[in-house]
Amino acid sequence: TFGAVFVAFGLVGAGVVGYVMKITKAYQQILRVGISLCCVSLVLFTVLLYSNNFWPLLFSFGLLGLTIVPMLPLLMENCAESTYPIDEEVSMGFMFVGSNLLGLGFIFSLQYLLELPSLGPAPLLPSNLFMWVAFLVAWGLLVGLFQADYRRQVFDGQEQQKEGLASSLL
C-alpha cells in the first residue's frame with residue numbers, strides 16, 4: 001500500500017514538475033522549491049514513522065512521492081545544464097556514484113545511531129536528529145549556495161542566433 005501510494009503520487013509530481021520545467025526553464029528556482037519541499041516531507045515522515053500511525057504515515061508516503069520522485073529528473077537536468085560541455089553521461093555518472101557513496105555513509109551512521117537510547121519522546125531518536133541535521137545542511141547547501149549558469153541554454157541560444165543571422169544573409 002505504501003509503495004503504491006509513493007509511486008502514484010511520484011508520477012503525478014514528476015509530470016507536473018516536468019511540464020513546469022519545460023514551460024518556464026526556471027530550473028534553479030524549481031530546484032530550490034523542490035529541495036525545500038523534500039526536506040519538509042522527510043522531516044514529517046521521520047516524525048510519523050511509529051506504530052499505530054497508518055493514515056498519517058500513508059499521507060506522508062504520498063507527500064514523499066510527490067516531492068522526491070520529481071527531484072530525479074530535475075537534478076539530472078540541472079546537472080547536465082551546469083556541467084555542459086561535459087558529456088551528460090559523465091556528469092550523471094559522477095552524480096550517481098556520489099549519491100551512492102553518500103548513501104553508504106548514511107547507512108552505517110544510522111545503523112550505529114539506531115542502537116543508541118532515545119533522547120526523549122518518540123521522534124527524538126539520535127538517528128532522527130542526525131537526519132534532520134543532514135537535511136538542514138543539504139537544504140542550506142543546495143538552496144543557499146547553489147548558483148549555476150546554464151551553459152547549454154546559453155550555447156543553444158547562441159547557435160540559434162547564428163542560424164538566424166546566416167539564414168537572413170542568404
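Residues numbered from 1 in each chain as written. Predicted model: local features only at pLDDT ≥ 70, side-chain atom pairs only at ≥ 80, totals over all residues. Heavy atoms only, no water.

Here the focus is the state of the cysteines. One pass over the structure, following the stated rule, counts zero disulfides. Unpaired in terms of disulfides, C38 finds its nearest cysteine sulfur in C39, a separation of 6.9 Å. Look at C39 and you get buried, because its relative accessible area is 12%. (Disulfide = S-S within 2.5 Å. Buried < 20%, exposed > 50% of the residue type's maximum accessible area, 1.4 Å probe, protein only.)

What follows is about the packing of aromatic side chains. Within the structure shown, the criterion is met by five aromatic pairs. Aromatic pair F45 and F61: ring centres 5.3 Å apart, planes at 85°, arrangement edge-to-face. Of this pair, F45 sits in helix α2 (residues 27–48) while F61 sits in helix α3 (residues 54–68), placing them 16 residues apart in sequence. Ring-pair connections join several aromatic residues into one group, and the members of that group are F2, F45, F54, W55 and F61. (Phe/Tyr/Trp six-rings, centres within 6.5 Å; stacked < 30°, edge-to-face > 60°. Helix = DSSP H or I, 4+ residues; strand = E, 2+ residues; numbered from the N terminus.)

Any link to function would need more than the numbers given here.
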